[in-house]
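# Structural description and commentary
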Amino acid sequence: MYKKKIPLDLDCGVKIAMEVIGGKWKTYILYGLNRGTRRPSELHRLFPDASPRVINQQLKELETHGMIEKTIYPELPPHVEYSITDDGRSLMPIIRMLEQWGNEFRPKMARILEMAE
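Heads up: these notes are all about the structure in this document. (Residues numbered from 1 in each chain as written. Predicted model: local features only at pLDDT ≥ 70, side-chain atom pairs only at ≥ 80, totals over all residues. Heavy atoms only, no water.)

## Focus on the nonpolar core
Grouped together as the largest cluster of nonpolar side chains are 20 residues, with contacts concentrated most on Ile29 and Leu30. Listed by contribution, the elements that provide at least two residues to this core are helix H1 (13-21), helix H2 (26-34), helix H4 (52-64), strand E2 (79-84) and helix H6 (92-116). Filtering out sequence-adjacent residues up to four positions away, leucine 30 remains in contact with Ile21, Leu62, Met67, Ile68, Ile84, Gly88, Leu91, Met92 and Ile95. (Core = buried A, V, L, I, M, F, W, Y, C linked by side-chain atoms within 4.5 Å. Buried < 20%, exposed > 50% of the residue type's maximum accessible area, 1.4 Å probe, protein only. Helix = DSSP H or I, 4+ residues; strand = E, 2+ residues; numbered from the N terminus. Contact = heavy atoms within 4.5 Å.)

Okay, here's the thing in structure tokens:
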């Protein structure tokens, strides 16, 4: 895995949380996997705006951090599935709170975007 130039500050909980869920698609991936195990192609179809490369990279990071689990079935052709772990599931209340906050902030964001045009 890529080694960062600046080491992670383990004394700051926010930095640790952002290391794990920071990334445009990570929370979406966790949200999708919370609804059930999925194959990579299913995840790519869930997020058509994301490039497969980015989804694969963020899947790998979530797996490295123990938020998801990758199961490889030894058959021809090889079959891979991703599922959420207990640690990943522990983030779901936080993700739901972020969703709620975003829904409440939506009208203000719409006005901000209108003013920017």
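## Considerations on the packing of H1 against H2
It is at 8 Å that the axes of H1 and H2 come closest, and there the two elements cross at 70 degrees. Taken together, the axes of H1 and H2 are roughly perpendicular relative to one another. Contacts between H1 and H2 pair Glu19, Val20 and Ile21 from the former with Lys26, Thr27 and Leu30 from the latter. Each residue belonging to the contact of H1 with H2 can be placed in one class, and the counts come to three nonpolar, one polar and two charged. (Axes fitted to C-alpha atoms, helices over the stretch in contact; angles between N-to-C directions. Parallel < 35°, antiparallel > 145°, perpendicular 65-115°, else oblique. Nonpolar A, V, L, I, M, F, W, Y, C, P; charged D, E, K, R; others polar.)

## Quick look at the pattern of salt bridges
Throughout the structure, instances matching the rule amount to two salt bridges. The salt bridge involving lysine 26 is made with glutamate 61; its shortest N-O contact spans 2.8 Å. Note that lysine 26 is positioned in helix H2 and glutamate 61 in helix H4, a separation of 35 residues in sequence. The exposure class of lysine 26 is buried, given its relative accessible area of 1%. Taking the shortest distance from any N to any O, the salt bridge between aspartate 86 and arginine 89 comes out at 3.0 Å. One end of the pair, aspartate 86, and the other, arginine 89, are both in helix H5 (residues 86-89), three residues apart, so they sit about a helical turn from each other. (Salt bridge = Lys/Arg side-chain N within 4 Å of Asp/Glu carboxyl O.)

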